[in-house]
Every structure is written in C-alpha cells, then in structure tokens.
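Listed here are the chains, written in short residue letters.
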Amino acid sequence: MEWIRFFLTAALVLAGLVFCCISVYGVFRFEYAANRMHAAAIADTMGISLCMIGLAISAPDFFSAFKILLVVVFWWLSAPVASHMLCRLEIKTDEQRDEYMTVHMDTLRQEREAAAAAQEAAGEEKEGQA
Amino acid sequence: MSIDFAYRVLLAVTLGVLTLLALACLIRCILGPRISDRVLAINLIGTLTVIMVAVTVLLLGEGYLADIALIYAMLSFLAVILLSKVYTGIYEEHKHEESLLAGQDGKKEADV
C-alpha cells in the first residue's frame, strides 16, 4: 500500500516536472511576449496541478493535503487574471505590435469589409423596393 | 531500499530540477527584451517556487509549510498584478507628457 502511494506520487510529480520543463523551454523558444505567455501557461495549469495532486496523495496529514490542493484552486483562479493583466500591459505598451500580430489586424479588416458589403447590400435592397 | 530513502531521493531530484528551471527563468528575466517578458518570467518563477515549497512539506514532514505555499501563491499573484498595473501607468504617463510637450511645441509654432 505504501509503495503504491509512493509510485502514484512519483508518477504525478515527474509528469508535472516534465510539463514545467516544456513550459520553460517554450519561454526560451518563442520570440514575443504574447507567444511566451502561451508557453508559460503550461506550468501555470498542468505543471502545478499534477505536482500538487501528486504531493497531496502522500502528504503527512489530511490538513496539509487539503491546503496543498487549496493552493492549486487558488492558482487556477489567479493565473488567468495575472495573464490578463500581463497581456494588457503588453498590448498597451508595444508600439511595434502591428508588425508581428497580424492576425488581429487581418480579422479586423475582414470584419470591416464584411460590414461594408452588408451595408451596401441593404442599401441596394431598399432602392429596389423604392 | 526503504520507502523513506525512496521518498527522499524523489523529492531531492524534484527540488534540484525545479531549482534549475527557476534559474533558467531568472536568465530569461535578465535577457527579456521587453518589460512584459520580465514580468512573465517572474510569474513563472513564482509558480516553480510554490511547487518547491509544497515539496518541502513532504521532505520535512511539516504541515505548516503548506500555509507558506498558500501565502506565497497570493504574494506572487499580487506582485504580477501590481507590476503590470505600475508599468502600464508609467507608460501612459510618459505618453501623456510627450503629447503635452508636442502640443506646446505645436502652439509655439502656430504663434510664430
């Protein structure tokens, strides 16, 4: 029984460590802060939750296990807020953003074109009725 | 091999790997070209430190270290929020000052 518990802990903690390694590698690999945020979120979710669940399985008493799981719950609630604030900082302060964040600009242009086309079509319909 | 020894080896290896990852994050924090890269690296260091504190709960067998992990998580969250807010504010202040200066110059030129 003790060994089963140990192997469960070892498997979960080592899996969490692998996710943390992937996250840090991604933070070095990507080039822009918004892309890096994507890699850093791996450690914020999978890494910390797998490690903490593994550690809670073989915690010394019930209350420490409960507190360790509480850390995971708190982290799941706080990490999206922190990422949101960080992304807002990046979006507001980066003046060369349009040079590499092209998806947003393309979508905006397409939406405007679609809206203009819809307006034209509506206008033609009205003229036809008149 | 006793189970205590196995636990100790596992937790020591985990702590070592997490320390190396945190050092790598520190390097990223120093290298990071923009301020958001640095804040991001600090956030990641906070995550790794919370895991490290939770590992020491098992390594030392002390329950109260779980409270420290919880408090560290809150402090790390607060630090990231505060740094983002402060740097956004500093940037907007600089921009406001620049626009004011540009407005003065424009006025002077118009007067002349």
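This is a predicted model, so every value here is computed, not measured. (Residues numbered from 1 in each chain as written. Chains lettered and ligands numbered in written order. Predicted model: local features only at pLDDT ≥ 70, side-chain atom pairs only at ≥ 80, totals over all residues. Heavy atoms only, no water.)

Visitor: I'd love a proper account of the interface of chain A and chain B, names of residues and values included.
Guide: With 49 residues of chain A at the interface, the matching set in chain B holds 51 residues. Between chain A and chain B lies a buried interface of about 4400 Å² when both sides are counted; carbon and sulfur atoms form 78% of it. Inspection of the chain A/chain B interface yields four salt bridges. Between Asp67(B) and Lys67(A) there is a salt bridge; the shortest N-O distance is 3.2 Å. Elements with a contribution of two residues or more to the side of chain A that touches chain B: α1 (2–29), α2 (33–57) and α3 (62–93) of chain A. For the side of chain A that touches chain B, the element with the most residues is α3(A), which contributes 17 residues. Of the residues in the side of chain A that touches chain B, the class split is 32 nonpolar, seven polar and 10 charged. (Contact = heavy atoms within 4.5 Å. Buried area = accessible area lost by both parts, 1.4 Å probe. Salt bridge = Lys/Arg side-chain N within 4 Å of Asp/Glu carboxyl O. Helix = DSSP H or I, 4+ residues; strand = E, 2+ residues; numbered from the N terminus. Nonpolar A, V, L, I, M, F, W, Y, C, P; charged D, E, K, R; others polar.)

Visitor: How would you summarise the nonpolar core if you had to cite specific residues and measurements?
Guide: Met52(A), Leu55(A), Val71(A), Leu44(B), Leu48(B), Val50(B) and Ile51(B) are the most contacted members of the largest nonpolar core, which has 50 residues in total. Elements supplying a minimum of two residues to this core: α1, α2 and α3 of chain A together with α1 (3–31), α2 (35–60) and α3 (65–111) of chain B. Apart from the residues within four sequence positions on either side, Leu48(B) is in contact with Cys20(A), Leu18(B), Leu21(B), Ala22(B) and Cys25(B). Judged by nonpolar contacts, the second largest core, of six residues, contains Ile3(B), Ala6(B), Tyr7(B) and Leu10(B). (Core = buried A, V, L, I, M, F, W, Y, C linked by side-chain atoms within 4.5 Å. Buried < 20%, exposed > 50% of the residue type's maximum accessible area, 1.4 Å probe, protein only.)

Visitor: With reference to specific residues and values, describe the side chain of Asn43(B).
Guide: Mapped onto the elements of the fold, Asn43(B) is located in helix α2. Residue class for Asn43(B) comes out buried when judged on its relative accessible area of 7%. Excluding anything up to four places from it in sequence, Asn43(B) contacts Asp44(A), Trp75(A), Ala82(A), Ser76(B) and Val80(B).

Visitor: Summarise the domain arrangement of chain A; cite the residues concerned and give the values.
Guide: Domain annotation for chain A reports domain 1 (2–94) and domain 2 (97–130). Relative to domain 2 of chain A, the C-alpha centre of domain 1 of chain A lies at a distance of 41 Å. (Domains from an automatic or database assignment.)

Visitor: Provide a residue-level description of the layout of surface pockets, including the pertinent values.
Guide: In this structure, the largest pocket spans a volume of roughly 300 Å³. Along the wall of the largest pocket there are 14 residues; nearest its centre are Ser58(A), Asp4(B), Tyr7(B), Leu11(B) and Leu58(B). The set of elements that each furnish at least two residues to the lining of the largest pocket consists of α1 of chain A together with α1 and α2 of chain B. Top element by residues in the lining of the largest pocket is α1(B). It accounts for five residues. Grouping the amino acids of the lining of the largest pocket by side-chain chemistry returns eight nonpolar, two polar and four charged. (1 Å grid on protein atoms, 1.4 Å probe; cavity = no way out; pocket = protein on both sides within 12 Å on 5 of 7 lines; lining within 4 Å. Points joined across faces, edges and corners; volume = space filled by probe spheres on them.)

Visitor: I'd love a proper account of the packing of α1(A) against α2(A), names of residues and values included.
Guide: Residue and element names in this part refer to chain A. Their axes nearest at 8 Å, the elements α1 and α2 cross at an angle of 170 degrees. When the axes of α1 and α2 are compared, the pair comes out roughly antiparallel. As α1 packs across α2, the resulting crossing turns out to be left-handed. Of the residues belonging to the contact of α1 with α2, the class tally is 19 nonpolar, six polar and two charged. (Axes fitted to C-alpha atoms, helices over the stretch in contact; angles between N-to-C directions. Parallel < 35°, antiparallel > 145°, perpendicular 65-115°, else oblique. Left-handed = near helix turned anticlockwise from the far one by under 90°.)

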